[in-house]
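One letter stands for each residue in the lines below.
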Amino acid sequence: MSTEGFSRWFDRKGWVGLVIGLPYVWLVVLFLLPFLIVLAMSVATNTPTAPPFSFGGEHPWINLGAYERIATDGLYVRAFLTSIFNAFVSAMLCLLIGYPMALGLTRVSKSWRNILLMLVILPFWTSFLLRVYAWMGLMGKNSWFNGLLTDAWNFLVPIDWAVKSIPMMNSNFAVVLVMVYTYLPFMILPLYASLERLDPNLDEAAMDLGSRPAQVFRDVTLPQSLPGIIAGGMLVFIPAAGELVIPTLVGNASQPMIGRLISDEFSQARDWPMAAAIAVALLVLMVVPTMIYSHYQAKAEGSK
Amino acid sequence: MKRRSTFLMIVLGFGFAFFYIPILSMIVYSFNASRLATVWGGFSTKWYVSLLSNDKVIDALFLSLKIAVISATVATILGTMAGIALARFTKFRGRVLFSGLVTAPLIMPEVITGISSLIFFILMADWVGWPGARGFSTITLAHITFSMVFVTTIVQARMIQSDRAIEEAAMDLGSRPWQVMFDITLPVISPAIMSGWLLAFTISLDDVVITSFTTGPGSTTLPLLIWSKVKLGVTPDINALATLMVLTVGAGVVAAGIIMTRAERRRLADERMAFRNND
């Protein structure tokens, strides 16, 4: 090909091919291929070799043993239920705290609003690990925060119920508390985005027609912010269900969540097919909330 | 109306207290003289001194920064290309798969991304002899892969908003496609590219889970070092380290925010000026 021919080909096709092709190939090789390997591994057989799996041999080519164990072994079923429960409760609490905060953000003056929005986003930029760690400091037995709560508890309840400190660490309560803390911005931001777009005239119209503030909220504000509620809820639920760091640091080891189970099966039990099968099951579980999310996300953007 | 607003303001106040009390408490306790991390024993800066003279911490910090700069830069280049491709080239073979590949890492739990990357690297080493040892290179590759899609999301959103007419005008005036991209498209979306780089940088600098799976002996990043210490409990030197990191990142983000807002405002003012001069 002559230089000029190449240059013409490059302008017409090569350039576009390069812009699409480079990231495409990268993602296929380093994301899709590894995932397909995991998918294949979930139906392989665990063997005491290195790497610890094989296809075929005395077992049939496709070994569904790992999936069978997920469905029947109480440990895995409980881990799935714990994850779903913790993620659901976290999303609900984020909604209860995040909704009035987002609504409040739309009511403050413009200059304050920018500062406060910055303050909502700022923790998101600081280290996730350290935000979890900060709560380890607060929840510990000797901390001032635990002391404060203990005093309040002892003051409120009969003397027989008095405690020396509140056992917060290493419990599902701690996991939910820290998940609410770390994922609350994910709830506030989409809610704020959908509430900010609402027309204040509608509120006034409803008021003029005789609605009380609570009714205006129930009949006007709430229904219109539904896409934001669902988008925010899914943005909290999806990462919370697969969380590994928080349950490992503040959770109860005898009630593991799925993320921790995958990691343990892989690194400690060295049962790669089992870890792969749990991972695939977790992803299947994520498909429904993800589809709900993208449906409402598209709706929220469509109404712009 | 008035009463509900008071309620909202109170919730807002409590919400921000909830956000910032744990961080402030950690900062205060980093100046605690006591070895017991949660019992106050007077003011001291000794944990900062011991931290800054700890070679392991310094080495880990530099490794983290090196990985973050390289992976954010590559991720920004690849992510920007993908964002432009998805926003501008509406029809090409495999577009559905491509847009799926760009969204999937966003929702994929980190444990799964980490394990699948590790299995991939182990099997590749078995099959083709690469990578020989896991560490810097495997961590960087994994970080590029999962942070580039965040850049793509930002760039794609910016591209959809931007005006195609300027690009078409340049094309009509005889610019070649790659010239249009370097002279028009990239300058127009440069704030988005900068935000993307910053996001990719912090994601890489912060990552524990994927790094812990793709690392090898001798490659301890700062989050991995913190992770291994924090698993054993709260210690005063981690409080000091956390304070330094939170303050540095906080100051950086605030500064970047101010600079970007100013640049955006200036750009809008320039645009308005240009239009007025044309009239």
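Residues numbered from 1 in each chain as written. Chains lettered and ligands numbered in written order. Predicted model: local features only at pLDDT ≥ 70, side-chain atom pairs only at ≥ 80, totals over all residues. Heavy atoms only, no water.

Draft legend 1. Expanded view of the overall build of chain A. The secondary structure content of chain A amounts to 13 helices and two strands. In terms of overall dimensions, chain A is more spread out than a globule: its C-alpha atoms have a radius of gyration of 25 Å, far above the 19 Å expected for 304 residues. When its C-alpha atoms are laid out on the principal axes, chain A stretches across 70 × 70 × 35 Å. Once local pairs closer than 6 in sequence are excluded, the contacts in chain A between residues at least 24 apart make up 70%. Measuring between centres, the 18 positive side-chain charges of chain A sit 4 Å from its 18 negative side-chain charges. (Helix = DSSP H or I, 4+ residues; strand = E, 2+ residues; numbered from the N terminus. Rg over C-alpha atoms; globule rule 2.2 N^0.38 Å. Contact = heavy atoms within 4.5 Å. Lys, Arg positive; Asp, Glu negative; His and termini not counted. Charge placed at Lys NZ, Arg CZ, Asp CG, Glu CD.)

Draft legend 2. Molecular detail of the interface of chain B and chain A. On the chain A side, the residues contacting the 84 residues of chain B number 83 residues. Both faces considered, chain B and chain A share a buried interface measuring about 7,800 Å² in area, 84% of it formed by carbon and sulfur atoms. Between chain B and chain A we count zero salt bridges in total. There are nine residue pairs in polar contact (both at pLDDT 80 or more) connecting chain B and chain A. Per-element tally for the side of chain B that touches chain A: the top contributor is helix α1 (residues 2-29) of chain B, with 18 residues. Looking at the side of chain B that touches chain A residue by residue, the class counts come to 65 nonpolar, 13 polar and six charged. (Buried area = accessible area lost by both parts, 1.4 Å probe. Salt bridge = Lys/Arg side-chain N within 4 Å of Asp/Glu carboxyl O. Polar contact = N/O pair within 3.5 Å; in protein donor to acceptor, adjacent residues only side chain to side chain. Nonpolar A, V, L, I, M, F, W, Y, C, P; charged D, E, K, R; others polar.)

Draft legend 3. Quick look at a nonpolar patch on the surface. Residue and element names in this part refer to chain A. Nonpolar side chains collect at one region of the surface, where Phe-55, Trp-61, Ile-62 and Leu-64 lie side by side and expose about 470 Å² of accessible area between them. Inspection of the secondary structure puts Leu-64 in the loop between β2 (53-54) and α2 (65-72). The class of Leu-64 is partly exposed, set by a relative accessible area of 48%. (Patch = residues over 30% accessible without salt bridge, like charges linked within 9 Å, V, L, I, M, F, W, Y side chains within 5 Å. Areas by Shrake-Rupley, 256 points an atom, 1.4 Å probe, with all protein chains shown as cover. Buried < 20%, exposed > 50% of the residue type's maximum accessible area, 1.4 Å probe, protein only.)

Draft legend 4. Expanded view of the nonpolar core. Judged by nonpolar contacts, the single largest core of 170 residues is most densely connected at A:Val250 and A:Ile262. In terms of residue count, helix α7 (residues 172-196) of chain A provides more of this core than any other element does, 15 residues in total. (Core = buried A, V, L, I, M, F, W, Y, C linked by side-chain atoms within 4.5 Å.)

Draft legend 5. Local environment of the side chain of B:Ser219. All names here are of chain B. Summarising the element assignment, Ser-219 is placed in the loop between α10 (209-214) and α11 (222-230). For Ser-219, a relative accessible area of 12% gives the class buried. Leave out the neighbours within four places in its chain, and Ser-219 touches Leu-63, Gly-135, Phe-136, Ile-139 and Leu-224.

Draft legend 6. A look at the packing of helix α12 (residues 258-267) of chain A against helix α5 (residues 110-128) of chain B. Orientation of α12(A) relative to α5(B), taken along the N-to-C sense of each, is 20°, at an axis distance of 10 Å. Considering their axes alone, α12(A) and α5(B) lie roughly parallel with respect to each other. Once α12(A) is placed against α5(B), the crossing between them reads as left-handed. Contacts from A:Gly259, A:Ile262, A:Ser263 and A:Phe266 of α12(A) reach α5(B) at B:Val111, B:Ile112, B:Ile115, B:Leu118 and B:Ile119. Across the contact of α12(A) with α5(B), the residue classes break down as seven nonpolar, two polar and no charged. (Axes fitted to C-alpha atoms, helices over the stretch in contact; angles between N-to-C directions. Parallel < 35°, antiparallel > 145°, perpendicular 65-115°, else oblique. Left-handed = near helix turned anticlockwise from the far one by under 90°.)

Draft legend 7. Spotlight on the packing of helix α8 (residues 200-208) of chain A against helix α9 (residues 213-224) of chain A. Residue and element names in this part refer to chain A. Closest axis-to-axis distance for the α8/α9 pair is 10 Å, and the angle between their directions is 145°. The chirality of how α8 crosses α9 is right-handed. Contacts between α8 and α9 pair Leu-202, Asp-203, Ala-206 and Met-207 from the former with Pro-213, Val-216, Val-220, Thr-221 and Gln-224 from the latter. Of the residues that constitute the contact of α8 with α9, the class distribution is six nonpolar, two polar and one charged.

Draft legend 8. View of the packing of aromatic side chains. Here the structure, examined in full by the defined rule, presents 25 aromatic pairs over all chains. Consider the rings of A:Phe6 and A:Trp9, whose centres lie 5.7 Å apart with planes at 40°: the pair is tilted. Here A:Trp9 and A:Phe6 lie together in helix α1 (residues 3-41), a separation of three residues that amounts to about one turn. Judged by relative accessible area, which is 39%, A:Trp9 ranks as partly exposed. Ring centres of A:Trp135 and A:Phe145 lie 5.7 Å apart, and the angle between their planes is 80°; on these two criteria the pair is classed as edge-to-face. Separated by ten residues along the polypeptide, A:Trp135 in helix α5 (residues 128-139) and A:Phe145 in helix α6 (residues 144-156) bring together distant segments of the chain. Its guanidinium or amino end placed over the ring of B:Phe136, B:Lys66 lies 4.7 Å from that ring's centre, counting from NZ or CZ. (Phe/Tyr/Trp six-rings, centres within 6.5 Å; stacked < 30°, edge-to-face > 60°. Lys NZ or Arg CZ within 6 Å of the ring centre and 35° of its normal.)

Draft legend 9. Summary view of the environment of A:Trp272. Inspection of the secondary structure assignment puts A:Trp272 in helix α13 (residues 272-302). A residue is classified by how much of its surface remains accessible, and A:Trp272, at 3% relative accessible area, is buried. Considering only alpha carbons, one finds A:Trp272 and A:Ala44, 228 residues apart in sequence, at a separation of 8.8 Å. When neighbours within four sequence positions are excluded, A:Trp272 is seen to be in contact with A:Met41, A:Asn46, A:Pro51, A:Pro52, A:Phe53, A:Phe266, B:Ile119 and B:Ile122.

Draft legend 10. Here's a closer look at the pattern of salt bridges. All chains considered together, the criterion is met by six salt bridges over all chains. Put simply, A:Arg69 and A:Asp271 hold a salt bridge, and the shortest N to O gap is 3.5 Å. One end of the pair, A:Arg69, is in helix α2; the other, A:Asp271, is in the loop between α12 and α13, and 202 residues separate them in sequence. Assessed through its relative accessible area of 36%, A:Arg69 is described here as partly exposed. Ionic pairing is found between B:Lys229 and B:Asp237, a salt bridge with its closest N-O pair at 2.6 Å. Assessed through its relative accessible area of 31%, B:Lys229 is described here as partly exposed. Judged by relative accessible area, which is 16%, B:Asp237 ranks as buried.

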